[in-house]
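Chains, contacts and geometry: an overview
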Amino acid sequence: MSTHRGTRCRGPYGGEGLRADGPDCSEPAVFEVLRHDRPALPVCPVHLGPCLLMASGVLWPPEIRLVGRL
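Described in the following lines is the structure provided in the data block. (Residues numbered from 1 in each chain as written. Predicted model: local features only at pLDDT ≥ 70, side-chain atom pairs only at ≥ 80, totals over all residues. Heavy atoms only, no water.)

Let's talk about the overall build of the protein
Summing up its helical and strand segments, the protein has 1 helix and 3 strands in all. Going from the N terminus to the C terminus, the protein shows its helices and strands as β-β-α-β. Burial statistics for the protein: of 70 residues in total, 34% are counted as buried. Long-range contacts, defined as pairs at least 24 residues apart, comprise 46% of the intrachain contacts of the protein with a sequence gap of at least 6. Accessible area of the protein: about 4600 Å², with a carbon and sulfur share of 55%. (Helix = DSSP H or I, 4+ residues; strand = E, 2+ residues; numbered from the N terminus. Buried < 20%, exposed > 50% of the residue type's maximum accessible area, 1.4 Å probe, protein only. Contact = heavy atoms within 4.5 Å. Areas by Shrake-Rupley, 256 points an atom, 1.4 Å probe, with all protein chains shown as cover.)

Given below as structure tokens:
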């Protein structure tokens, strides 16, 4: 888990479209949500639920990996 320690949350949209410059969230990522034809989306616990609903390419059923700790 230590390899992802410096990874920051990409927010619920994954930094795509209007959010391409980066998210407003600066929390460390605790989870990675796997997506189809896109890199995995690192998210904090607050953005985990919203990213499952709003990020593009999220697999269903979702595949979520624990990559860090609070």
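Regarding helix α1 (residues 45-54)
In an α-helix, one turn spans 3.6 residues, which is why side chains three or four residues apart end up on the same side. Taken together, the buried positions of α1 are His 47, Leu 48 and Cys 51. Angularly, the buried residues of α1 cover 125° about the axis, an arc narrow enough to put them on a single face. Of the residues in α1, the exposed ones pointing more than 90 degrees away from the buried face are Val 46 and Leu 53. Those residues of α1 that are buried are in contact with β1 (31-33), β2 (41-43) and β3 (64-66). (Arc of directions from axis to C-beta.)

Comments concerning a nonpolar patch on the surface
Together, Tyr 13, Leu 53 and Met 54 make up a nonpolar patch on the protein surface, roughly 340 Å² of accessible area in all. Within the element layout of this structure, Tyr 13 appears in the segment before β1. Given the relative accessible area of 36%, Tyr 13 is considered partly exposed. (Patch = residues over 30% accessible without salt bridge, like charges linked within 9 Å, V, L, I, M, F, W, Y side chains within 5 Å. Salt bridge = Lys/Arg side-chain N within 4 Å of Asp/Glu carboxyl O.)

Side note on the nonpolar core
One finds Cys 9, Cys 25, Val 30, Phe 31, Val 33, Leu 41, Val 43, Cys 44, Leu 48, Cys 51, Ala 55 and Val 58 forming the largest nonpolar core, which totals 12 residues. Those elements that place two or more of their residues in this core are β1, β2 and α1. (Core = buried A, V, L, I, M, F, W, Y, C linked by side-chain atoms within 4.5 Å.)

Looking at the pattern of salt bridges
On inspection of all chains with the given rule, the structure shows 1 salt bridge. Among the salt bridges present, the one from Arg 65 reaches Glu 32, with a minimum N-O distance of 3.5 Å. Note that Arg 65 is positioned in strand β3 and Glu 32 in strand β1, a separation of 33 residues in sequence. For Glu 32, a relative accessible area of 11% gives the class buried.

So far we have only geometry, and geometry alone does not tell us how the molecule works.
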